[in-house]
Amino acid sequence: MDTCRFEIPAIAGPTACGKTSLVLKLATQFPIEVLSCDSRKAFIGADIGAAKPTKDEQKQVRFHLMDLVQPGDAYSVQQYVQAAHSAIAEIEQRGMLPLIEGGTGLYLEALMRGYDFHHAPPLPKLRELLQASWALNSAKTAAAVLGLFPNESKRVDMQNLPRVIRLLERTLVTGSCEEDAVQALEALEFSSAKSEVLHARRQCASRYAIAPVPVRGFCLLTERAELARRIEMRTNQMIADGLVDEVAALINSGIAPDAQVLTGIGYREAAMYLQKEITMEQLAPLISLRTRQFAKRQDTWNRNRFCGFEQLPFTTEQERNAAHERIAEWIAKRLA
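Figured I'd write up the structure that's included with this text. All values derive from a computational prediction rather than experimental measurement. (Residues numbered from 1 in each chain as written. Predicted model: local features only at pLDDT ≥ 70, side-chain atom pairs only at ≥ 80, totals over all residues. Heavy atoms only, no water.)

1. Comments concerning the overall build of the protein chain
Then comes step 1: Across its full length, the protein chain holds 15 helices and six strands.
Then comes step 2: Here the C-alpha radius of gyration of the protein chain, 20 Å, is about what a compact globule of 336 residues would show, namely 20 Å.
Then comes step 3: Once the C-alpha set of the protein chain is aligned to its principal axes, its extents read approximately 60 × 55 × 35 Å.
Then comes step 4: With 336 residues in all, the protein chain has 51% of them scored as buried.
Then comes step 5: Of the roughly 16200 Å² of accessible surface on the protein chain, a fraction of 51% belongs to carbon and sulfur atoms. (Helix = DSSP H or I, 4+ residues; strand = E, 2+ residues; numbered from the N terminus. Rg over C-alpha atoms; globule rule 2.2 N^0.38 Å. Buried < 20%, exposed > 50% of the residue type's maximum accessible area, 1.4 Å probe, protein only. Areas by Shrake-Rupley, 256 points an atom, 1.4 Å probe, with all protein chains shown as cover.)

Pasting the structure below:
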């Protein structure tokens, strides 16, 4: 059996490396539709900071899995995977080829490996305790979680409360033995969530997984200096395009200050500026710094979790052209 005929191409790589431009170029050659794999692009009204394709770019190729939820809502990896399965079926029914593109590694891994979502359910009491602790001293809380789970925390933005919540839920329910989970709750002073966590662990005996999607992955590798340059350019462009006004509009719409959409890089810093915690002169350097740190985490995730992906150098113009040709070659074979 030629497994290539059942695989969906996926293009991964750090933020700002140029994935969207590559996809647009491929769309001039092949009948593809794109599945965005980016947690921030799911929110309506979060356009500039999420680096969504422009209206003109969306006329060139159809993008899916963007603008799915209101900015005040939460959005989970489970919702993404369910929406992705529906989009894939719809695209294939039209005789088009789905292509996954984006930098949210957890979403892509969940889709291609069939995560067991009943394995780590939301834990309301635990969330309540963590949110209260975070409100008192977020840095101290993040440091405590990092100290308890250093290996698991390496792949998570520890300044992002929703990510820390899911890290803690997954680890306490599925990633540690019962004794360690109880000790961690005690260390965090979250013992009142003990019965909830233990009940969730027992429920794991009844598992249900969404079917994995067969993926042929390509990982774009951009040298750090060039990526830093591209990040700085994109950050400056976002601010020039009205990032601060976009964040002000979201806040003025009445969403909570800790809404998931405002925890993303760019949104968080613009909110700090609006609250007079930083100056306009500090805004772009801070966004660029945190974006570079995020890109480094993405590279670590891609190396560790997507080691089977084909690695494609993507720094020089020659390398970018070669990467395009290699992916185009595979798609041509897939469609033959």
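2. Some remarks on the packing of aromatic side chains
Then comes step 1: Throughout the structure, instances matching the rule amount to four aromatic pairs.
Then comes step 2: Seen in terms of ring centroids, Phe 218 and Trp 330 are 6.2 Å apart; in terms of plane orientation they differ by 70°. Their pairing is edge-to-face. In this pair, Phe 218 is assigned in strand β5 (residues 215-221) and Trp 330 in helix α15 (residues 317-335), connecting sequence segments 112 residues apart.
Then comes step 3: For Phe 218, a relative accessible area of 0% puts it in the buried group.
Then comes step 4: Relative accessible area serves as the criterion here: at 4%, Trp 330 is assigned to the buried category.
Then comes step 5: When the ring of Phe 306 is compared with that of Phe 309, the centres are 4.7 Å apart and the planes differ by 5°; the resulting orientation is stacked. (Phe/Tyr/Trp six-rings, centres within 6.5 Å; stacked < 30°, edge-to-face > 60°.)

3. Re the pattern of salt bridges
Then comes step 1: Within the structure shown, the criterion is met by 19 salt bridges.
Then comes step 2: Across the salt bridge formed by Arg 290 and Glu 269, the nearest N and O atoms sit 2.8 Å from each other. In this pair, Arg 290 sits in helix α14 (residues 280-305) while Glu 269 sits in helix α13 (residues 267-274), placing the two residues 21 residues apart along the sequence. For the pair shown, Arg 290 and Glu 269 are each scored as buried.
Then comes step 3: In this structure, the salt-bridge partner of Glu 329 is Arg 326, at a minimum N-O distance of 3.0 Å. Placement of the pair is Glu 329 and Arg 326 together in helix α15, with a separation of three residues, close to one helical turn.
Then comes step 4: Classification of Arg 326 by relative accessible area gives partly exposed; the value is 22%. (Salt bridge = Lys/Arg side-chain N within 4 Å of Asp/Glu carboxyl O.)

4. With respect to helix α3 (residues 77-93)
Then comes step 1: For α3, spanning 17 residues, the distance from its first C-alpha to its last is 24 Å, which sits close to the expected 24 Å at 1.5 Å a residue.
Then comes step 2: Those residues of α3 not exposed but buried are Val 77, Tyr 80, Val 81, Ala 84, Ala 87, Ile 88 and Ile 91. On an axial view of α3, the arc spanned by its buried residues comes to 130°, and they lie on one face. Of the exposed residues in α3, the ones pointing more than 90 degrees away from its buried face are Ser 86 and Gln 93.
Then comes step 3: Of the surrounding elements, those touching the buried residues of α3 are β1 (8-12), β2 (32-36), β3 (63-64), β4 (97-101) and α4 (105-113).
Then comes step 4: Looking at the residues trailing α3, positive phi occurs at Gly 95, about 80°. (Expected span 1.5 Å × (residues − 1). Arc of directions from axis to C-beta. Contact = heavy atoms within 4.5 Å.)

5. Some points on the sheet that holds β5
Then comes step 1: Taken together, the six strands give an open sheet; going across it, the order is β3-β2-β4-β1-β5-β6, and neighbouring strands pair in parallel fashion. The sheet is open, and its two edges are formed by β3 and β6 (310-313), each paired on a single side.
Then comes step 2: As paired strands, β1 and β5 are joined by five bridges and run parallel to one another. The partner of Ala 12 across the bridge, within β5, is Cys 219. (Pairing = 2+ DSSP bridges.)

6. A closer look at the environment of Phe 30
Then comes step 1: Mapped onto the fold, Phe 30 is located in the loop between α1 (19-27) and β2.
Then comes step 2: Residue Phe 30 is classed as buried on the basis of its relative accessible area of 14%.
Then comes step 3: Considering only alpha carbons, one finds Phe 30 and Ser 76, 46 residues apart in sequence, at a separation of 31 Å.
Then comes step 4: Apart from residues lying up to four places away in sequence, Phe 30 is in contact with Ala 328, Ile 331, Ala 332 and Leu 335.

7. So, the pairing of β2
Then comes step 1: The buried fraction of β2 is high, at five of five residues.
Then comes step 2: Neither face of β2 is open: one carries Ile 32, Val 34 and Ser 36, the other Glu 33 and Leu 35, and all of them are buried.
Then comes step 3: Bridge count between β2 and β4: five bridges; the pairing is parallel. Within β4, the residue paired with Val 34 across the bridge is Leu 99.

8. Examining the side chain of Thr 171
Then comes step 1: Tracing the chain through its elements places Thr 171 in helix α8 (residues 161-174).
Then comes step 2: At a separation of 2.7 Å, a polar atom in the side chain of Thr 171 contacts the main-chain carbonyl oxygen of Leu 167. (Polar contact = N/O pair within 3.5 Å; in protein donor to acceptor, adjacent residues only side chain to side chain.)

9. Describing unusual backbone geometry
A negative phi angle characterises most non-glycine residues, just as the trans form characterises most peptide bonds.
Then comes step 1: Despite not being glycine, Leu 65 has its phi angle at roughly 70°, a positive value.
Then comes step 2: Looking at the secondary structure, you find Leu 65 in the loop between β3 and α3.
Then comes step 3: For Glu 189, which is not glycine, the phi torsion reads 65° and is therefore positive.
Then comes step 4: Examined against the element boundaries, Glu 189 turns out to sit in the loop between α9 (178-187) and α10 (194-203).

10. Concerning the nonpolar core
Then comes step 1: Among the nonpolar cores identified, the biggest contains 50 residues, and Tyr 80, Ile 100, Leu 108, Tyr 267 and Phe 309 are the most heavily contacted of them.
Then comes step 2: Those elements that provide at least two residues to this core are β1, α3, α4, β5, α12 (243-252), α13 and α14.
Then comes step 3: Once residues within four sequence positions are removed from consideration, Phe 309 is found in contact with Ala 12, Leu 108, Met 112, Val 215, Gly 217, Phe 218 and Cys 219.
Then comes step 4: Phe 30, Val 34, Met 66 and Phe 218 belong to the second-largest nonpolar core, a separate cluster that totals 29 residues. (Core = buried A, V, L, I, M, F, W, Y, C linked by side-chain atoms within 4.5 Å.)

Geometry only, nothing functional implied.
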